[in-house]
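# Understanding the architecture of this molecule
Here is what each chain is made of, one letter per residue.
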Amino acid sequence: MTTTVLFILLFVLLFLGMPIAIALGLSSIAVILLFEPDSIASLVLKFFQTMEQTTLLAIPFFILAGNFLTTGGVARRMINFAVSTVGHLPGGLAIASVMACMFFAAVSGSSPATVVAIGSIVIAGMVKVGYTQSFATGVIVNAGTLGILIPPSIVMVVYAATTETSVGRLFMAGVVPGILLGVMLMFAIYVIARIKNLPRQPKASWTERLLAFRDAIWGLLLIIIVMGGIYGGIFTPTEAAAVAAVYGFICAVFIYGDLKITDVPKVLTDSSRVTVMLMFIIANAFLFGHVLTTAQIPQDIARAIIDADLKPWQFLIIVNIILLIAGNFMEPSAIILIVAPIVFPTAMKLGIDPVHLGIIFVVNMEIGMVTPPVGLNLFVASGITGMTLVQVVAASWRWLMLLLSFLIIVTYVPEVSLALPNAIFGVAR
């Protein structure tokens, strides 16, 4: 009865157009007041306790770092370096755009931020040299999804906080899949370019490449500082996020000088807005998770699946279907906060590695970023290109089979995700 009322209330509120955070909170409070003995005071306490998780402190810092780097000219320098490296290949500018997205993903932690930072520069550049706007937009929309797969990743932090999984292992688990997806996209572009005879850039000399690398080095160094600091034991992922924010500020204002000190308050304000929105969703989702746990819903589902004698590969098919459907209608963090507490206990009983499951979640969220009606990358690309949402969807749709193929690889070849963290940290017990 409790479960039925909870989900009916949630879906009715969402259908009425209520924001996801408020829908989660209201449905949870209503069920607790109707069926549970908890008092209002305990609900308030539970609401604020979610903010005490140190893991979640990484979120505002990574958001701030991404905003400093987006507005501070770091993306433009990464693009120039990528073009100097691979621009001479068939479809070189498109391949360089994917490489630039990989670089920027490794410092921003956000998919929409990657699309804005790289797309606002390279889409117009690709059109200028002979690519169709549709092709250029499709490349960036899909390559931008690397923003949440290549560490550091805000979505991974949310998953880690929800399931109490190691952020460090998750970050390291995203490296190989992120590189693999980037290579798959670049190879697909190369094949299309050879067939369609797409333009290539003049080959850069080694001097030009070294100059482009020197210009981009300060942004690229952040990758080494964050990842090296975490895995060298110098600081925790949360502290790494704070270091990234400070380093992004120094790069943008003092090293490159592209961001004036008078513009810093606007960056702080924009970052605060995104942080407050995301943390409010998280707080309400944790309250929702509290109701699920109190009602023994995850445990009941786990028992039902075990009784049905489902194999791990069959269970993962169900998880992928649920996440792909949810990705069409909800924001990634909200999906993780709702679905992870339900499927996680079952996955553990079936012997599925929590880090592997986390990467499966993230790849599904990537696909959700490029599928209508609420794919964030689609809206961002529409905003920076002036194309209608329908046109952006049509431009992105042709790449969907590649992303789905990648999802199958990540789901059923766990070594792709686990080889690196297991080599560094040892096999998790």
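Note that the structure is a prediction, hence the values are computed from the model and not measured. (Residues numbered from 1 in each chain as written. Predicted model: local features only at pLDDT ≥ 70, side-chain atom pairs only at ≥ 80, totals over all residues. Heavy atoms only, no water.)

Bringing the overall build of the protein chain into the picture now. Tallying secondary structure elements over the protein chain gives 22 helices and 0 strands in all. For 429 residues, the compact-globule formula gives about 22 Å, and the C-alpha radius of gyration of the protein chain, at 22 Å, lands near that figure. Across its three principal axes, the protein chain shows a C-alpha extent of roughly 70 × 50 × 45 Å. The burial tally for the protein chain puts 55% of its 429 residues in the buried class. Once local pairs closer than 6 in sequence are excluded, the contacts in the protein chain between residues at least 24 apart make up 79%. Counting only carbon and sulfur atoms, one obtains 70% of the accessible surface of the protein chain, whose full area is about 17,900 Å². Looking at the protein chain, you have 19 positive and 17 negative side-chain charges, and the mean spots of the two groups are 15 Å apart. (Helix = DSSP H or I, 4+ residues; strand = E, 2+ residues; numbered from the N terminus. Rg over C-alpha atoms; globule rule 2.2 N^0.38 Å. Buried < 20%, exposed > 50% of the residue type's maximum accessible area, 1.4 Å probe, protein only. Contact = heavy atoms within 4.5 Å. Areas by Shrake-Rupley, 256 points an atom, 1.4 Å probe, with all protein chains shown as cover. Lys, Arg positive; Asp, Glu negative; His and termini not counted. Charge placed at Lys NZ, Arg CZ, Asp CG, Glu CD.)

The next subject is the state of the cysteines. Applying the stated criterion across every chain, the model contains 0 disulfides. With no disulfide of its own, C101 has C251 as its nearest cysteine by sulfur position, at a separation of 19 Å. For C101, a relative accessible area of 0% corresponds to the buried category. (Disulfide = S-S within 2.5 Å.)

Here the focus is the packing of helix α18 (residues 354-369) against helix α21 (residues 400-412). Interhelical geometry of α18 versus α21 gives an angle of 175° and a closest axis separation of 10 Å. In terms of orientation, α18 and α21 fall into the roughly antiparallel class. Each of H356, I359, I360, V363, N364, E366 and I367 in α18 lies in contact with α21, whose residues at this interface are L400, L403, L404, F406, L407, V410 and T411. A breakdown of the residues in the contact of α18 with α21 according to their chemical character gives 10 nonpolar, 3 polar and 1 charged. (Axes fitted to C-alpha atoms, helices over the stretch in contact; angles between N-to-C directions. Parallel < 35°, antiparallel > 145°, perpendicular 65-115°, else oblique. Nonpolar A, V, L, I, M, F, W, Y, C, P; charged D, E, K, R; others polar.)

Another point: α21. The end-to-end C-alpha separation of α21 is 19 Å, in line with the 18 Å expected for 13 residues at 1.5 Å each. Taken together, the buried positions of α21 are L400, L402, L403, F406, L407, V410 and T411. Buried residues along α21 sit against α8 (133-143), α11 (175-196), α16 (312-327), α18, α20 (389-397) and α22 (415-425). (Expected span 1.5 Å × (residues − 1).)

Going through the model one piece at a time under the given rule, you end up with 6 salt bridges. One salt bridge in this structure joins R77 and D258, with 2.6 Å as the shortest N-O distance. Of this pair, R77 sits in helix α5 (residues 74-86) while D258 sits in the loop between α13 (237-255) and α14 (264-294), and the two are 181 residues apart along the sequence. Taking relative accessible area as the criterion, D258 reaches 32% and is therefore assigned partly exposed. Where K311 meets D309, a salt bridge forms, and the shortest distance between an N and an O atom there is 3.7 Å. The class for K311 is partly exposed, based on a relative accessible area of 39%. Several salt bridges converge on common partners, so that one network encompasses R76, R77, D215 and D258. (Salt bridge = Lys/Arg side-chain N within 4 Å of Asp/Glu carboxyl O.)

With that out of the way, let us pick up the side chain of S27. As for its placement among the helices and strands, S27 is situated in helix α2 (residues 20-35). Exposure remark for S27: the relative accessible area of 0% places this residue in the buried category. At a separation of 3.1 Å, a polar atom in the side chain of S27 contacts the main-chain carbonyl oxygen of L24. (Polar contact = N/O pair within 3.5 Å; in protein donor to acceptor, adjacent residues only side chain to side chain.)

In terms of burial, α8 is largely enclosed, as 9 of its 11 residues are buried. Listed in full, the buried residues belonging to α8 are F135, A136, T137, G138, V139, I140, V141, N142 and A143. Packing partners of the buried residues in α8 comprise α6 (92-108), α7 (111-129), α11, α19 (376-385), α20 and α21.

In this model, P151 is joined to P152 through a cis peptide bond whose omega is 0°. Along the chain, the position of P152 falls in the loop between α8 and α9 (154-163). Unlike most non-glycine residues, N197 shows phi in positive territory, near 55°. Looking at the element boundaries, N197 is found in the loop between α11 and α12 (206-231).

So, about the packing of helix α1 (residues 2-15) against α14. Axis separation between α1 and α14 bottoms out at 11 Å; the angle between their running directions is 155°. Considering their axes alone, α1 and α14 lie roughly antiparallel with respect to each other. Contacts from L6, F7 and L10 of α1 reach α14 at F288, V291 and L292. Class assignment of the residues belonging to the contact of α1 with α14 gives a composition of 6 nonpolar, no polar and no charged.

Another aspect to go through is the packing of aromatic side chains. In this structure the tally under the stated criterion is 10 aromatic pairs. Between the aromatic rings of F7 and F288, the centroid separation amounts to 5.9 Å while the plane-to-plane angle is 90°, which identifies the pairing as edge-to-face. In this pair, F7 is assigned in helix α1 and F288 in helix α14, connecting sequence segments 281 residues apart. Here the aromatic rings of Y159 and F361 are separated by 5.6 Å at their centres, their planes lie at 45°, and the arrangement is tilted. Separated by 202 residues along the polypeptide, Y159 in helix α9 and F361 in helix α18 bring together distant segments of the chain. With respect to class, Y159 is no different from F361; both count as buried. (Phe/Tyr/Trp six-rings, centres within 6.5 Å; stacked < 30°, edge-to-face > 60°.)

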